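Listed below are the residues making up each chain.
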Amino acid sequence: MASKQDISAALGAAIGADNVLIDPADCWTYGYDNSRAQALPVAVTLPQDTAAVREVVLACRRFGLPLTVRGRGSGTTGAAVPEEGGVVLSMERMAAILEVNADDRLAVVQPGATNGALQAAAGAGGFFWPPDPGSAEYCTVGGNLACNAAGPRALKYGTPRENTLGLEAVTGEGRIIRSGCRTTKGVVGLDLTRLLIGSEGTLAVITEATLKLSPLPERIATLRAVYTDMRAAAAAVSRIMAQPVVPRVLEFLDGAALALLRDAEPVDLPPGAGALLMIEADGLEAQLPAAIDALQRAAAGDGLLEWRAADSPAEARALWAARKALSPALRRLAPKKINEDVVVPVSRIPELTDGLAQLADRHRVRIVSFGHAGNGNLHVNVLGDESELERMHACVDEVFRLVLALQGTLSGEHGIGRSKRPFVGLEIDPDTLELMWRLKDVFDPDGILNPGKSLPDPA
Ligand SMILES: Cc1cc2nc3c(=O)[nH]c(=O)nc-3n(C[C@H](O)[C@H](O)[C@H](O)COP(=O)(O)OP(=O)(O)OC[C@H]3O[C@@H](n4cnc5c(N)ncnc54)[C@H](O)[C@@H]3O)c2cc1C
């Protein structure tokens, strides 16, 4: 096994000693993510261009060292947590926005650029990149692509998979590959762009991305619908999704979330409120009244207690206040939280929320759900304290089984990382998993890229 000195000398020779950190005090800060897992890498590399990324990959191959790419470590599943004694490749020195091209509606960026920086650059020209995770100000485009991270706007505009034209990447073998093109149509070769998006740094290091931009809407309308219970709200979600006006955002809070808010914050809700939908419509100013009208008609039905449309930006902020107050309130409620982001077909949301209530009772844990209702994507938060952890994990296991029984999927946007890996075999059959492993071998024959993440072990 190579010594730390050998590794440090080889990495320094490959990309320059100024671009390598080996002091454990420096390395420690690159060893965690928002899952709260942590491990100490032997070295952190800070390449400045694609050629240097390739040199790092080749050096790790030579030493047989695991290599974990890092954006900003905001992921929630441990995907950016390195192997103990492995190498981290941080993208922070490859953060340039290389081009914003309004005529072709695209941007070319290095992967270390933050989502927020990209939105600012695109916004100056009247455009935006649709993926909008809540962490946009500090997470990177590379991290967004590697996790297929989205956010509320995915309902109307899609995820990174629908908003990326092409990629440059370095495989685990050290090959520099290019996928896709600069046009919105293109069918030459296999679609490696979609394969790399969502692969959590296990197939290749993304070194440049050509992204599809959308024009900023002229106006955004903010609307709120409050219902007696989740069944009534879920029926409204189905009605809203069945009519022609696609909302930009369709978020929901369940009864447990509203009860929690009432205890924690002074929120303005009508008596009897048991579920809430936050809706946004966007487009041309002149078209919005008709769109709002269509959404209001679809939202109306059994159990609707209140419909409100914001008249001003201040009122829009007030309408969003309940949704925004939720995360801090959750943090105050319980010291331990397991946050999953399951997805079911929209028509099956009522079965999921009923099932979650039963599981909470059976396992004697508290579950609070909210999320992107229009996509059927629920953030299911299982809450408790240290002494309840075993029951919380048993409950999560059953949540996953329930979701799959409802023809859903284990993760909508947070990805698999380390934490959900043991459950992937519940969703993907052995033959398909076997093919995925063979693809992994082609991209990364020595298995150095982010081992222990995403796919479960072949056995
Ligand atoms: C407060 C908060 C709110 C959030 N809100 C949302 C949300 O609304 N929607 C959502 O989807 N997620 C959300 N997230 C999760 C997280 O921010 C996203 O998954 C984000 O995309 C991670 O970006 P990052 O730069 O921090 O990547 P990291 O956490 O550093 O890495 C994530 C994964 O990407 C890989 N990776 C990073 N860069 C590259 C690259 N260049 N090439 C190959 N692989 C790479 C890493 O190896 C790792 O597997 C939230 C997180 C927080 C803390």
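Rules behind the numbers
Each chain has its residues counted from 1, running along the sequence as written. Totals for whole chains, interfaces and linings use all residues, but because this is a predicted model, local features are given only for residues with pLDDT of at least 70 and pairs of side-chain atoms are given and counted only at 80 or more. Secondary structure follows DSSP: runs of H or I at least 4 residues long count as helices, runs of E at least 2 residues long count as strands, and numbering of each begins at the N terminus. We call a residue exposed when 12 or fewer other C-beta atoms sit within 10 Å of its C-beta, buried when the count reaches 20 or more, and partly exposed for counts in between; the C-beta positions come from the backbone. Residue pairs are scored as contacts if the distance between their C-beta atoms, which are placed from the backbone, is within 7 Å. Being near a molecule or strand means, for a residue, that its backbone-placed C-beta atom lies within 6 Å of it. Residue polarity follows a fixed list, in which Ala, Val, Leu, Ile, Met, Phe, Trp, Tyr, Cys and Pro are nonpolar, Asp, Glu, Lys and Arg are charged, and the others, Gly among them, are polar. Domain limits in this description derive from either an automatic procedure or a database domain assignment. To obtain an axis, a line is fitted to C-alpha atoms, over the contacting stretch when the element is a helix, and the angle between two such axes runs from 0 to 180 degrees between their N-to-C directions. Just so you know how the angles are binned, under 35 degrees is roughly parallel, over 145 roughly antiparallel, 65 to 115 roughly perpendicular, and the rest oblique. In this scheme the crossing of two helices becomes right-handed for a clockwise turn of the near helix relative to the far one and left-handed for an anticlockwise turn of less than a right angle. We call two strands paired when DSSP finds no fewer than two bridges between them. When buried Ala, Val, Leu, Ile, Met, Phe, Trp, Tyr and Cys residues are joined through C-beta atoms within 7 Å, the set is termed a nonpolar core. It is the directions from the helix axis to the C-beta atoms whose arc is reported.

Visitor: When you look at the overall build of the protein chain in this model, what are you seeing that I'm missing?
Guide: For the protein chain, the helix and strand inventory stands at 15 helices and 18 strands. In terms of overall dimensions, the protein chain has C-alpha extents of about 70 × 55 × 45 Å along its principal axes. Taking all 459 residues of the protein chain together, the buried fraction comes to 49%. Long-range pairs, those at least 24 residues apart, make up 71% of the contacts in the protein chain between residues at least 6 apart in sequence.

Visitor: It is not clear to me how the site of the ligand should be interpreted in this structure. Could you clarify?
Guide: Of all residues adjacent to the ligand, which total 36 residues, the nearest are Gly-71, Gly-75, Gly-142, Gly-143 and Gly-201. Secondary-structure elements contributing two or more residues to the shell around the ligand are β3 (67–70), α5 (141–147) and β10 (204–212). Element by element, the count of residues in the shell around the ligand is highest for α5, at five residues. The class makeup of the residues in the shell around the ligand is 13 nonpolar, 17 polar and six charged. Each of domain 1 (4–90) and domain 2 (101–215) accounts for three or more of the residues forming the shell around the ligand.

Visitor: How should the packing of helix α12 (residues 349–363) against helix α13 (residues 389–405) be read in this particular structure?
Guide: Helix packing geometry: the angle between the two helix axes and the distance between the axes. Orientation of α12 relative to α13, taken along the N-to-C sense of each, is 155°, at an axis distance of 10 Å. Considering their axes alone, α12 and α13 lie roughly antiparallel with respect to each other. Relative to α13, α12 is oriented so that their crossing is right-handed. Taken together, the residues of α13 that come into contact with α12 (itself represented by Leu-352, Gly-355, Leu-356, Leu-359 and His-363) are Arg-391, Ala-394, Cys-395, Glu-398, Val-399, Leu-402 and Val-403. Counted by class, the contact of α12 with α13 contains eight nonpolar, two polar and two charged residues.

Visitor: What's the story with the pairing of strand β14 (residues 275–283) in this structure? I'm lost.
Guide: As a general feature of sheets, a regular strand has side chains that alternate between the two faces. Most of β14 is tucked away: eight of the nine residues are buried. The pairing of strand β12 (residues 219–227) with β14 spans nine bridges and is classified as antiparallel. Bridge pairing in β14 places Leu-223 opposite Ile-279. Alignment of strand β13 (residues 249–253) against β14, held across five bridges, turns out to be antiparallel. When the bridges of β14 are listed, Phe-252 appears paired with Leu-277.

Visitor: I tried to follow the domain arrangement of the protein chain on my own but got confused; where do I start?
Guide: Buried accessible area, meaning the area lost when the parts come together, often serves as the stated size of an interface. Domain annotation for the protein chain reports domain 1 (4–90), domain 2 (101–215), domain 3 (217–326) and domain 4 (334–415). Relative to domain 4, the C-alpha centre of domain 1 lies at a distance of 34 Å.

Visitor: Where do I start with the sheet that holds strand β9 (residues 176–180) in this structure?
Guide: Sheets are built from strands paired through backbone hydrogen bonds, the pairs being either parallel or antiparallel. The strand order across the open sheet built from five strands is β5-β6-β10-β8-β9, with neighbouring strands paired in antiparallel fashion. Strand pairing shows two members of the sheet lacking a second neighbour, β5 (97–101) and β9, which therefore form its edges. Strand-to-strand, the axes of this sheet are offset by a mean angle of 15°, without reference to chain direction. Here strand β6 (residues 106–109) pairs with β10 via four bridges, running antiparallel. Pairing of Ala-107 across the sheet is with Leu-211, part of β10. Across the sheet, helix α3 (residues 50–63) touches β8 (164–171), β9 and β10, and the angle it forms with β8 is around 45°. Lying over the sheet, helix α4 (residues 115–124) contacts β5 and β6, oriented at roughly 35° with respect to β5.

Visitor: Which parts of the structure should I look at to understand the nonpolar core?
Guide: Inside soluble globular proteins, nonpolar side chains tend to come together where they are buried. Membership of the largest hydrophobic core comes to 123 residues, with the highest contact counts inside it found for Val-56, Val-237, Leu-276, Leu-277 and Val-399. The element that contributes the greatest number of residues to this core is α13, accounting for seven residues. Excluding its chain neighbours within four sequence positions, the residues that come into contact with Val-56 are Leu-11, Ala-14, Ile-15, Thr-45, Pro-47, Leu-67 and Leu-89.

Visitor: How should the sheet that holds strand β4 (residues 87–90) be read in this particular structure?
Guide: A sheet is described by the order of its strands in space; here four strands give the open sequence β1-β2-β4-β3, paired in mixed fashion. Of all the strands in the sheet, just β1 (20–21) and β3 have a single pairing partner and so form its edges. Of the pairings in the sheet, the one linking strand β2 (residues 43–45) to β4 comprises three bridges and is parallel in character. From the neighbouring strand, Ala-43 faces β4, where its bridge partner is Val-87. Contacts between helix α1 (residues 4–15) and the sheet are confined to β1 and β2, with β2 contributing the most and set at about 5° to the helix.

Visitor: Would you mind going over unusual backbone geometry with me for this structure?
Guide: For residues other than glycine, phi is negative in most cases, and the peptide bonds are mostly trans. In the Ramachandran plot, Glu-200 falls in the positive-phi region, its phi being about 55° despite a non-glycine side chain. Residue classification places Glu-200 among the buried residues on the basis of 24 C-beta atoms within 10 Å. Here the phi dihedral of Ser-454 falls at roughly 65°; this positive angle occurs in a residue that is not glycine. The residue Ser-454 is located in the segment after α15 (430–443) in this model.

Visitor: It is not clear to me how α4 should be interpreted in this structure. Could you clarify?
Guide: Note: α-helices contain 3.6 residues per turn, so residues at a spacing of three or four share the same orientation. All of the buried residues along α4 are Asn-115, Leu-118 and Ala-122. Here the buried residues of α4 occupy an arc of 60° about the axis, which is enough to place them on one side. Facing away from the buried side of α4, by more than 90 degrees, are the exposed residues Ala-120 and Ala-124. Gly-126 sits one or two residues past α4 and shows a positive phi near 90°.

Visitor: Help me understand the environment of Val-57 in this model?
Guide: Take Val-57: it is sitting in helix α3. Placed 222 residues apart in sequence, Val-57 and Ile-279 show a C-alpha to C-alpha distance of 45 Å. The contacts of Val-57, once residues within four sequence positions are left out, are Leu-67, Val-170, Gly-172, Gly-174 and Val-205.

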